[in-house]
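One letter stands for each residue in the lines below.
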There are 2 protein chains.
Amino acid sequence: MDQQMEQYANLIVREGVNVQPGQTMVVNAPVQCAAFAQALCRQAYQAGAAEAVVFWSDEVVNKIKLQYASDDVIGDVPQWFVDRATHYVQKGACFVSISANDPELLKDVDPAKMALMSKVTRQALQEYRKYLMTNQGCWCVTAMATAPWAKKVFPGLGEQQAVDKLWQAILQASRADGDDPVGDWSRHVQSMKTRVDKLNAHHFDALHMTGANGTDLRIGLADDHIWCGGREESAKGILFSANIPSEEVFTAPHARRVDGKVVSTMPLIYNGVMIDGFSFTFKDGEVVDFAAREGYDTLKLLLDTDEGSLRIGEVALVPYDSPIRQTGILFYNTLFDENASCHLALGDGYATCIGGEDRTDAALEQKGLNRSLSHVDFMVGAADTRITGIKGDVEIPVFEQGNWVI
Amino acid sequence: MDQQMEQYANLIVREGVNVQPGQTMVVNAPVQCAAFAQALCRQAYQAGAAEAVVFWSDEVVNKIKLQYASDDVIGDVPQWFVDRATHYVQKGACFVSISANDPELLKDVDPAKMALMSKVTRQALQEYRKYLMTNQGCWCVTAMATAPWAKKVFPGLGEQQAVDKLWQAILQASRADGDDPVGDWSRHVQSMKTRVDKLNAHHFDALHMTGANGTDLRIGLADDHIWCGGREESAKGILFSANIPSEEVFTAPHARRVDGKVVSTMPLIYNGVMIDGFSFTFKDGEVVDFAAREGYDTLKLLLDTDEGSLRIGEVALVPYDSPIRQTGILFYNTLFDENASCHLALGDGYATCIGGEDRTDAALEQKGLNRSLSHVDFMVGAADTRITGIKGDVEIPVFEQGNWVI
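Residues numbered from 1 in each chain as written. Chains lettered and ligands numbered in written order. Predicted model: local features only at pLDDT ≥ 70, side-chain atom pairs only at ≥ 80, totals over all residues. Heavy atoms only, no water.

A. The arrangement of the side chain of Gln43(B) in detail. Residues and elements named next belong to chain B. Along the chain, Gln-43 falls in helix H2 (residues 34–46). Exposure remark for Gln-43: the relative accessible area of 9% places this residue in the buried category. Those residues in contact with Gln-43, other than ones at most four positions away along the chain, are Glu-6, Ala-9, Asn-10 and Val-13. (Helix = DSSP H or I, 4+ residues; strand = E, 2+ residues; numbered from the N terminus. Buried < 20%, exposed > 50% of the residue type's maximum accessible area, 1.4 Å probe, protein only. Contact = heavy atoms within 4.5 Å.)

The structure is reproduced here in C-alpha cells:
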C-alpha cells in the first residue's frame, strides 16, 4: 500500500498539478490524510518543487466549532487565513486538495451555521478561488481513503477491510492501480480530448436532455462556450488535470437560457447532509420550483446562498458505461459520484469554458457565464438518458441510452 | 481511554491554561494528535471559551522539507505565519501545546538545516514567545502518546500496547489517572507553593551543586530573583499551570555569575538528535569548554545559536524521589524527563523569575536575566546530588542525597 500511495502521489504531482522546477506546491489536507500529504510532499520535491506546504484542516474541529461557537465567531474569518492563501497565489503555486470527508459527520449540525461558515469562507478566499477557477495556476482535487468514509461506503466490512477496499476503488477509478499510472492517465485524457474536439466543432446553441424519470430540460449554452475535459491548460501554458479521477466532458451553460425540469439520479452530500430524490424546474435560467424527498431544508439553504446559486454554471457529460459507474459503488463524494453520471452544477461557472480574449467579469456574464459564491454538482444521468445537440433547426444525437453516440 | 482523554483535556483546559469565559484558546497540535486536540476544543467550549483554534503541524512534513529544500526556502518564514500567532496574541488567547515528537525522527537530518529552521522560526515568533515567556497570557505544555514515541520508550512492546502504556505513564505523571484529576492537580501545586515560599524567604545569593559524577558548580542567582513552581499568575491575574506534568521549583540564575563544571545525568534530545554524556565548564556565566560522548556536533550548533545560548537562563530543583523519576521510564521528552531530575537550561530566562516593577529588557539583563532565542533544558540531578544555598558567608543545605532538606 505504501508503494501504491507513493505511485498515486507521483501521478497527482506529475499529471494532476504538473509541478514545475522551482515551483511551490500547496496541499489542502485533512489531518486524517497525513500519510498521503507526506507522500505528495516527497514526490513534489523529487519532481523539482522548491517547497511543499500543507494547509491542514480537521472536519471534526470544524464540527465542534459549529456546535458550540456563536454566529459572530463562525462568521469571522481572520485576515491571516486570507493572507496565507494569497501568499502562495502570488508565488504562483499549484494547489492539491485531498477530499476525504466523513459523509455523515455533519448530519446533526444546524444547516444555517454550516451555510454561514461555508459562505464566509468562500467570500474570504475569493481571490484564491478566482486564481483556481480561471486556471491562473494548476490545481488538482484528489482523494484518500479514511476510516469514517470507508465505513459509510462499505458498511458491512470491518474498518481496515473497508479502508483497503475504498483505497482500491479510488486507485481503480483514477486508473492508478496498474504499473504505469502516469502512462495510463495520459492515454485516458488523450481519448477525452477527442470527444471535446468533436463537440467544439459543432458549436451547439443548446442541449436537450430527457429521461424516463421526468427529466426534460433544454440547456442553452453560453456564447463562445468551449468544451473541456481531461487536461486543462493554465494561463502559463502548463497542462494539468484538475480532477483525478475524471471522466467528464463539460462546458458553461447560459445562465439565462435554461428551461424545463431536471430530476436527480443520485444523492448529493452538501455540508455533510444528504439531499436525495430532488428536482428543479427552471425558467429563463432560474430555479422557479424545487422539491426533495430528503434534505429539503439544506437544499433550500444552498439555493439561498446568492442570486447565482439559483442558476447553473456547469453542464457535464459522463457516459453511463464510465468505469466509476461500473464499479457500482456509491462513494458519497462528488469527485467520484460526478464521474459516474452526467451532471449539472448550481452556482459558479468556469471562465475557462468561455472563449475569446475579452475576459472581464462583465464580458463573461454577457456571454452567459453564471457567477456565484457556490459551485455544487448534482447527478442527472441515467441508463436511458438521451441528449441532443441543437444548432439552429438541426438536432444531432449526442447521448443515446446513457452513452456517447456523437 | 476516550473517557480518560476527555478528563485529561478538562484538566489542561481548567488547570493548565484556565480558560476564561469568552476567551479564545489556541492548540498547537501535531496532526497525529487530532483526537486529543479535538477533546481540548470540546472541553474549552464547555468551559466557556468563545473559540477553540488549532495550529496543526507535522514533523514528518518538516523533515521532508529539511531533506529536500534549499537553505533559502528553509530560512524564509512567511508573514502569514507570524501574523497568525500575533492575531491570537492580540485577542488575549491562551495557548496549549501538545508535545508528542518521535524522538529519533530527525537523527539523519543535517543538524545545520535543523538549526536554521529552528532559529528563523523562533526569530519570526518573537512577539508570540515574549507573550508566553512573560505570562502576558496563560499557556500550558502537555503531551499525548503517539506510536513512534511510544515504540522508542517501550521498544519491547507491540505498537498498541506501547501506546497504551505511554498514555498511562503520561496520565500518572500528570496525576490525571484518578477519579478527580483537577482536585489532585490542585493539591499538588499547593504543596509546591510551600517549597517556593521557603526558598523565596531565604533570598540566596547563589546555589552550590556537587555530585560524585564530577559536578561542582556555583550558580549565582539573578538579583531580585523569584522562585516559581506549580501555578503561575498571568499579567491579568489568572492562575495557570504552564507545564502538566510539573514537579520543578525554578528560578533565574545570574547570566554572568556561574562558575565550575556540571555533568549531565540524562540524555538530551535536541532537534531530534540525542546528545548524551555531556558536560560544560562555566566561567563568569559563559560556557568556556564542553564535551559530549554522543551528539557533539549538535551540541555545538545549539551553543552557537547566539551569545545567550552559551549561558544559562534557568535552574530548576526536582527531588530524586519525584514520581516521574520513580516510574523509571526514560521518556526522551523534556516535559517528562526534566521533571525527573534537577536541571539547568541553556538560553533564555523567564522574566517572571525576576521581581520588581521595572521590567524593561535592559533592566532585566542588568539584574542578571539571560536572553537568547533558544531555551534548552538538560538534566543534572542524581541520587547523590547535594545543593546548598549561599547567603553571604552562610551555607544552608537545600538538597541532600538528591532530595529536599530545606
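B. The arrangement of the environment of Ile219(A) in detail. Turning to its location among the elements, Ile219(A) is positioned in strand S6 (residues 216–221). Discounting residues that sit within four places of it in the chain, Ile219(A) has contacts with Ala206(A), Leu207(A), Met209(A), Pro253(A), Arg257(A), Val258(A), Ile312(A), Val315(A) and Leu344(A).

C. Quick look at the pattern of salt bridges. Applying the stated criterion across every chain yields a total of 42 salt bridges over all chains. Note that Arg371(A) and Asp348(A) form a salt bridge whose closest N and O atoms lie 3.2 Å from each other. With a gap of 23 residues between them, Arg371(A) in the loop between helix H14 (361–366) and strand S17 (375–379) and Asp348(A) in the loop between strand S16 (343–347) and H14 connect regions that are remote in the sequence. Linking Lys151(B) and Glu159(B) is a salt bridge whose minimum nitrogen-to-oxygen distance equals 3.3 Å. (Salt bridge = Lys/Arg side-chain N within 4 Å of Asp/Glu carboxyl O.)

D. Spatial organisation of the relation of the copies chain B and chain A. Once chain B has been moved 0.0 Å along the axis and rotated by 180 degrees, it coincides with chain A to within an RMSD of 0.0 Å. Both copies of the chain, as the preceding transformation shows, are related through a two-fold rotation axis. With an isologous cut-off of 70% or more, the 100% of interface residues of chain B that recur at the interface of chain A puts this contact in the isologous class. (Least-squares fit on C-alpha atoms with pLDDT ≥ 70 in both.)

E. View of the sheet that holds strand S7 (residues 228–229) of chain A. All names here are of chain A. With antiparallel pairing, five strands are arranged side by side in an open sheet as S7-S10-S15-S16-S17. The open sheet has two edge strands with one neighbour each: S7 and S17. Relative to S17, S16 is paired through five bridges, and the arrangement is antiparallel. Within the sheet, the bridge partner assigned to Gly-347 lies in S17 and is His-375. (Pairing = 2+ DSSP bridges.)

F. Fine view of the packing of aromatic side chains. Residues and elements named next belong to chain A. By the definition in use, this model includes 36 aromatic pairs over all chains. The rings of Phe-278, Phe-280, Phe-282 and Phe-378 are connected pair by pair, giving a single aromatic cluster. Positioned above the aromatic ring of Tyr-332, the side-chain terminus of Lys-152 is 4.6 Å from the ring centre. (Phe/Tyr/Trp six-rings, centres within 6.5 Å; stacked < 30°, edge-to-face > 60°. Lys NZ or Arg CZ within 6 Å of the ring centre and 35° of its normal.)

G. Region of the structure containing the domain arrangement of chain A. Residues and elements named next belong to chain A. Examined at the domain level, chain A breaks down into domain 1 (2–173) and domain 2 (201–229 + 246–404). Taken together, the contact between domain 1 and domain 2 spans 32 residues of the former and 29 residues of the latter. With both sides pooled, the region where domain 1 packs onto domain 2 buries about 2400 Å², and carbon together with sulfur makes up 66% of that total. The largest per-residue losses of area from domain 1 upon contact with domain 2 belong to Pro-103, Met-133 and Ala-173, which jointly make up 23% of the total buried on that side. In this structure, the connection of domain 1 to domain 2 is made through five residue pairs in polar contact (both at pLDDT 80 or more). (Domains from an automatic or database assignment. Buried area = accessible area lost by both parts, 1.4 Å probe. Polar contact = N/O pair within 3.5 Å; in protein donor to acceptor, adjacent residues only side chain to side chain.)

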